[in-house]
Amino acid sequence: YKLSVSPEMDIMEYCRKEWRGNTPAAKRMRKGYEAVAQKFASIRRIRGDNYCAFRATLFQALSQATQLPRWLQSEDFTMLPENLLSKYDWIKQWQLRQKPGKRMGEIRDEIKEYLILLRKKWKNISEIKDPVEKQEACDKLFKNEEEEYSLYEALKFLMLNTAIELYNADKSGKRVPVFSWLLFARDTSSNPCQLMHNHLNHIGHSGGLEQVEMFLLAYALQYTIQVYRLYKHSTDEFITLYPNDPEEDWPVVTLITEDDRHYNIPVRMCQETML
């Protein structure tokens, strides 16, 4: 049985274990970890199974949640599958986890269940005041495979919804963030239907999130995702923000990556950083 989120480990101890050699890559990684260790004391490894970007982001968001985000409070939130399926027939080909070939009604009801679960879990965890209890509740949720993967399906569907909104806004001449052009400039995702078929349907199965999809996830959650990209140490891309011009009131979650494919999470901010 694989843990979704491993227990805490000292960051530099982890680094010494993983990067022993004297190659330029190992030296760069060590420098990167030293920089992260200025701000955070520990690291938690995230299980790598093509869902790790979702897992790391959602775990961090829930760990520090003190209230339900506005978009989760809206009345229409759980009506999303119904509303989108009534407008876009192609969403019938949404690939539910391990359940290919579902009928339209089943897809609608199942995604609605996932969205309800996301709201419920977020609400419950954000109401826990004691930090130790909050952490325990997060650990427990990420040990329940059935619930955990249902939450990732909800996130994928929110990404699709955000992509449709951005695509329509651009087509009607409204201003959209730059990443939205990049998202739809790819040969494999020139519109939301292609994005679903060639990308979203494969996340968690045969691939993880690409860079441009990290932006989409950030927009869907209305969170700023700050990533220490260790292999970019000593360049201006070492700390990358998704989106790079975040809204002032968006909360920030922090992740670590060595290669832009797998993500871990730093925990325990050092005291002086908090001040």
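The protein is annotated in an unreviewed UniProt entry as OTUL thioesterase of Prunella himalayana. What UniProt records for the protein under Subcellular location (unreviewed entry) is the sentence "Cytoplasm".

A. Expanded view of the overall build of the protein. Broken down by element type, the protein carries twelve helices and six strands. Since a compact globule built from 275 residues should have a radius of gyration of about 19 Å, the 19 Å found for the protein is in line with a globular shape. In terms of principal-axis extent, the alpha carbons of the protein reach across some 55 × 40 × 40 Å. Within the protein, the proportion of its 275 residues that are buried is 50%. Counted over contacts in the protein with a minimum sequence separation of 6, partners at least 24 positions apart contribute 73%. When the accessible surface of the protein is split by element, carbon and sulfur atoms take 49% of a total near 14,000 Å². With 39 positive and 39 negative side-chain charges, the protein shows a spacing of 3 Å between the two charge centroids.

B. Region of interest: the nonpolar core. Counting 76 residues, the largest nonpolar core has Ile91, Trp94, Leu118 and Trp122 as its most contacted members. Examining the composition of this core, we find that 14 residues originate from one element, helix α8 (residues 145–171), more than from any other. In terms of nonpolar packing, the next biggest core, distinct from the first, is built from 13 residues, Tyr14, Tyr33, Leu230 and Ile256 among them.

C. Up close: the packing of helix α3 (residues 52–63) against α8. Between α3 and α8, whose axes approach to 10 Å, the crossing angle comes to 95°. It follows from the interaxial angle that α3 and α8 lie roughly perpendicular. Across from Phe54, Arg55 and Leu58 in α3, the residues of α8 making contact are Glu148, Tyr149, Leu151, Tyr152, Leu155, Lys156 and Met159.

D. Spatial organisation of the UniProt feature "site: Linear diubiquitin binding" (unreviewed entry) in the protein. In this structure's numbering, the residues bearing the UniProt feature "site: Linear diubiquitin binding" (unreviewed entry) are Glu237. In this structure, glutamate 237 is in contact with Arg229 and Lys232, ignoring residues within four places of it in sequence.

Criteria and cut-off values
Residues numbered from 1 in each chain as written. Predicted model: local features only at pLDDT ≥ 70, side-chain atom pairs only at ≥ 80, totals over all residues. Heavy atoms only, no water. UniProt positions renumbered as here; feature names shortened; annotations may be inferred. Helix = DSSP H or I, 4+ residues; strand = E, 2+ residues; numbered from the N terminus. Rg over C-alpha atoms; globule rule 2.2 N^0.38 Å. Buried < 20%, exposed > 50% of the residue type's maximum accessible area, 1.4 Å probe, protein only. Contact = heavy atoms within 4.5 Å. Areas by Shrake-Rupley, 256 points an atom, 1.4 Å probe, with all protein chains shown as cover. Lys, Arg positive; Asp, Glu negative; His and termini not counted. Charge placed at Lys NZ, Arg CZ, Asp CG, Glu CD. Core = buried A, V, L, I, M, F, W, Y, C linked by side-chain atoms within 4.5 Å. Axes fitted to C-alpha atoms, helices over the stretch in contact; angles between N-to-C directions. Parallel < 35°, antiparallel > 145°, perpendicular 65-115°, else oblique.

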